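# Commentary on secondary and tertiary structure
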Amino acid sequence: PETLLAYIERETACEKDLKGKKILVTAGPTQEAIDPVRYITNHSSGKMGYAIAENAMLRGADVTLVTGPCAVEPPMFVKVKPVISAQDMYEAVTEEYDQTDIVIMTAAVADYRPKQVSDNKVKKKDDRVSIELERTDDILKYLGQHKKDGQFLCGFSMETQNMIGNSRVKLTRKNLDMVAANNVKMAGAGFQGDTNVLTLITQDEEVSLPLMSKEDAAGKILDKILLERVRR
Ligand code: CTP
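This report concerns the structure included in the present document.

What counts and what doesn't
- Residues numbered from 1 in each chain as written.
- Predicted model: local features only at pLDDT ≥ 70, side-chain atom pairs only at ≥ 80, totals over all residues.
- Heavy atoms only, no water.
- Near = heavy atom within 4 Å.
- Polar contact = N/O pair within 3.5 Å; in protein donor to acceptor, adjacent residues only side chain to side chain.
- Areas by Shrake-Rupley, 256 points an atom, 1.4 Å probe, with all protein chains shown as cover.
- Disulfide = S-S within 2.5 Å.
- Phe/Tyr/Trp six-rings, centres within 6.5 Å; stacked < 30°, edge-to-face > 60°.
- Helix = DSSP H or I, 4+ residues; strand = E, 2+ residues; numbered from the N terminus.
- Buried < 20%, exposed > 50% of the residue type's maximum accessible area, 1.4 Å probe, protein only.
- Axes fitted to C-alpha atoms, helices over the stretch in contact; angles between N-to-C directions.
- Parallel < 35°, antiparallel > 145°, perpendicular 65-115°, else oblique.
- Left-handed = near helix turned anticlockwise from the far one by under 90°.
- Contact = heavy atoms within 4.5 Å.
- Salt bridge = Lys/Arg side-chain N within 4 Å of Asp/Glu carboxyl O.
- Patch = residues over 30% accessible without salt bridge, like charges linked within 9 Å, V, L, I, M, F, W, Y side chains within 5 Å.
- Lys, Arg positive; Asp, Glu negative; His and termini not counted.
- Charge placed at Lys NZ, Arg CZ, Asp CG, Glu CD.
- Pairing = 2+ DSSP bridges.
- Core = buried A, V, L, I, M, F, W, Y, C linked by side-chain atoms within 4.5 Å.

Attention now moves to the site of the ligand. Around the ligand lies a shell of 16 residues, among which M105, A107, D137, L140 and F156 are the nearest. Measuring from an oxygen atom of the ligand, one finds a backbone N or O atom of L140 at 2.9 Å. A distance of 3.1 Å is found between an oxygen atom of the ligand and a side-chain nitrogen or oxygen belonging to K170. Protein contacts shield 76% of the accessible area of the ligand, which totals 580 Å² for the unbound molecule.

The next subject is the state of the cysteines. Applying the stated criterion to the full structure yields 0 disulfides. Between C154, a free cysteine, and C70, which holds the nearest cysteine sulfur, the sulfur-to-sulfur gap is 18 Å.

A complete count under the given rule lists 2 aromatic pairs for this structure. Their ring planes at 80° and their centres at 4.8 Å tell us that Y7 and F77 sit as a pair that is edge-to-face. Placement of Y7 in helix α1 (residues 2-12) and of F77 in the loop between β4 (62-67) and β5 (79-82) is noted, with a sequence separation of 70 residues between them. A relative accessible area of 41% means that Y7 is categorised as partly exposed. Residue F77 is classed as partly exposed on the basis of its relative accessible area, which comes to 26%.

This brings us to the packing of helix α2 (residues 47-58) against helix α6 (residues 214-231). When two helices pack together, their arrangement is given by the angle between the helix axes and the distance between those axes. Running from N to C, α2 and α6 cross one another at 60°; their axes reach a closest spacing of 8 Å. For the element pair α2 / α6, the angle class is oblique. Handedness of the α2/α6 crossing: right-handed. Contact residues: α2 offers K47, M48, A51, I52, N55 and A56, while α6 offers K214, E215, A217, A218, G219, I221 and L222.

Moving on, we come to the side chain of D35. Examined against the element boundaries, D35 turns out to sit in strand β2 (residues 32-35). According to the relative accessible area criterion, D35 is buried, its value standing at 4%. One polar contact links the side chain of D35 to the main-chain amide nitrogen of V37, over a distance of 2.9 Å. Discounting residues that sit within four places of it in the chain, D35 has contacts with V117, S118, N120, K121 and V122.

Turning our attention to the pattern of salt bridges. Counted according to the given criterion, the structure contains 17 salt bridges. Across the pair E96 and K79 runs a salt bridge whose closest N-O atoms are separated by 3.0 Å. Pair noted here: E96 is in helix α3 (residues 86-97) and K79 is in strand β5, with a separation of 17 residues, a long-range link. The class for E96 is buried, based on a relative accessible area of 11%. In this structure, the salt-bridge partner of E206 is R168, at a minimum N-O distance of 3.0 Å. Here E206, found in strand β13 (residues 206-208), pairs with R168, found in helix α5 (residues 163-173); they are 38 residues apart in sequence, far enough to count as distant. Salt bridges sharing common partners tie together K79, K81, E95 and E96.

Attention shifts here to a negative patch on the surface. A cluster of acidic side chains, namely E9, E54, E215 and D216, defines a negative patch on the protein surface. Along the polypeptide, D216 turns up in helix α6.

Take the sheet that holds β4 next. Taken together, 8 strands build an open sheet; the order of strands is β5-β4-β1-β6-β9-β10-β12-β13 and the sheet is mixed. Each of the sheet's edge strands pairs with one partner strand only, and the pair in question is β5 and β13. With direction set aside, neighbouring strand axes in the sheet form an average angle of 15°. Two elements, strand β1 (residues 22-27) and strand β6 (residues 102-105), share 4 bridges in a ladder whose sense is parallel. Counterpart to V25 in the pairing with β6 is I104. Packing against the sheet, α6 makes contact with β1, β6, β9 (152-159), β10 (178-183), β12 (199-201) and β13, and its axis sits at approximately 135° to β9.

Turning our attention to the nonpolar core. Judged by nonpolar contacts, the single largest core of 32 residues is most densely connected at I23, I52, V63, I104, I221 and I225. Every element with two or more residues in this core is listed here: β1, α2, β4, β6, β9, β10 and α6. The biggest single contributor to this core is α2, with 8 residues. Not counting residues within four places of it along the chain, the set of residues in contact with I221 comprises M48, I52, F156, M178, L198 and L200. Listed in part, the 21 residues of the second largest apolar core include M89, A92, V93 and L171.

Okay, here's the thing in structure tokens:
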């Protein structure tokens, strides 16, 4: 019955205002290996990205979801590319980029990874240890540098202070068309929950959305992207 319902929903749930658009969504955390049993990661659940992928699919888009390891099930009728590390995500995203109209990067990509990955489990010692970290490639920055006419790039920004200012820096530095920003310290916003409180930042304006479900927020993000594309 669930499968049948999913097929019916795909046909009837929404106006197909994204028909013919190729949309790439990234979601979830990345995992950066320390050794065969340990890794560095973050609290991202993937829910926001999965909700965007589902909403875009219901609106008729051709959706690819590049996802780090998540506990939630990805939506049906989207092409899922599972990845583990920031480097895997970089490769999966850049492979799709040329054929993509809209990229929405909700993934919480690790900014650093261990410089040495041990082939064997690292054994404990009595003394302290430190792990040297090196920068990962910034995927969105790369996409911004190689953006072609007609492509739309939306980044996500998670801040604990000076949310608008810091997010505007990302908009410019990474050559983005929009940043969806949230303050992790605000009730109902951020990683693991089912709701979010977003501010959609473009070159000309800031639209503050109230607290809403991640599904509703996904719809608002895609509405705004459609509006921005028409304006340009
Ligand atoms: N991002 C990316 N590649 C990375 C890191 C982040 O594409 N290696 C993307 C994220 O998916 C998100 C946006 O960039 O859409 C976040 O921007 P970023 O400057 O990385 O934000 P923070 O990591 O929060 O920045 P800072 O650590 O400076 O606060």
